[in-house]
Number of protein chains: 2
Amino acid sequence: MTSQARRSNCPIACALDLVGDRWTLLVLRDMLLLGKTRFDEFLASPEGIATNILSDRLARLEEEKLVERSRDPDDGRRVIYRPTERGKSFVPVLTAMRDWGLKNVEGTRVFAPPRAKR
Amino acid sequence: MTSQARRSNCPIACALDLVGDRWTLLVLRDMLLLGKTRFDEFLASPEGIATNILSDRLARLEEEKLVERSRDPDDGRRVIYRPTERGKSFVPVLTAMRDWGLKNVEGTRVFAPPRAKR
DNA sequence: CGGGATCCGTCTTGATACTG
DNA sequence: CAGTATCAAGACGGATCCCG
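Residues numbered from 1 in each chain as written. Chains lettered and ligands numbered in written order. Predicted model: local features only at pLDDT ≥ 70, side-chain atom pairs only at ≥ 80, totals over all residues. Heavy atoms only, no water.

Q: Provide a residue-level description of the overall build of chain A, including the pertinent values.
A: Counting secondary structure elements, chain A contains six helices and two strands. Ordering the α and β elements of chain A from the N terminus gives α-α-α-α-β-β-α-α. By the compact-globule yardstick of 13 Å for 118 residues, chain A fits well, its C-alpha radius of gyration being 15 Å. Within chain A, residue pairs in contact and separated by at least 24 positions form 46% of the contacts whose partners lie at least 6 positions apart. Split by element, the accessible area of chain A, about 6,600 Å² in all, is 50% carbon and sulfur. Counting 22 positive and 17 negative side-chain charges, chain A places the averaged centre of each group 2 Å from the other. (Helix = DSSP H or I, 4+ residues; strand = E, 2+ residues; numbered from the N terminus. Rg over C-alpha atoms; globule rule 2.2 N^0.38 Å. Contact = heavy atoms within 4.5 Å. Areas by Shrake-Rupley, 256 points an atom, 1.4 Å probe, with all protein chains shown as cover. Lys, Arg positive; Asp, Glu negative; His and termini not counted. Charge placed at Lys NZ, Arg CZ, Asp CG, Glu CD.)

Structure below.
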């Protein structure tokens, strides 16, 4: 919960301390590449993340200033999650992984392109 | 141990099924960016991986054809680990993460450059 | 001595059920 | 809709042991 001590000063190790698990980068994928913003949108992804895991990862990402939580201006009951600039800078990591998968894992394909603005 | 069923056909999710944990990409970093080849060299990295974890990750990487195990021709008692072409193609993922860390995590720095051949 | 395997306590993960 | 609570299963880590 409270941020762990870093394991080294290696930039890769530090990045992995934030996103080195099976779910965090999928949440960022949904947010950065697919434009998702709501809890139930993340839940609906085909990998089937559990609600507690999603809740935990969103909280960590918020704590690490990669994601900001706010309310939908059109419907104050809805919570929305948006990437910060720091979070958006993970796009190259995601695209590098996507490219690796497309070339090296048979049967993979990208899902939806980013949605058009409005 | 036996390869898990994939969670989806997303290339990112499939990549994460292979390297989505806190240690696997550090082993690949040592191998691909620092030129390490031996068990005790990986153990010596500053993050301090445990022997059982290292053993497990090397076995998985071998199973997934990202790494090949062989013997040092100069000393048949030594085991050496080398990346396959499939493994080497993870370099862009590692460099993207390295770049993210360098820009976004204070105090990070790259360690050694790749060793010169021979 | 290098390269692990095994044991075991602890921490983390994740599926499911439930709630405001 | 957006989460908590519960609880089992698994991953981790470290110490130790093993084997050529």
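Q: I'd like a rundown of the pairing of strand β2 (residues 75-83) of chain B, residues and numbers included.
A: Residue and element names in this part refer to chain B. Where strand β1 (residues 67-72) meets β2, six bridges bridge the pair, whose relative direction is antiparallel. Paired with S70 across the strands is I80, a residue of β2. In this structure, the hairpin formed by β1 and β2 is closed by a connection of two residues. (Pairing = 2+ DSSP bridges.)

Such coordinate-based values are descriptive only and should not be taken to indicate function.
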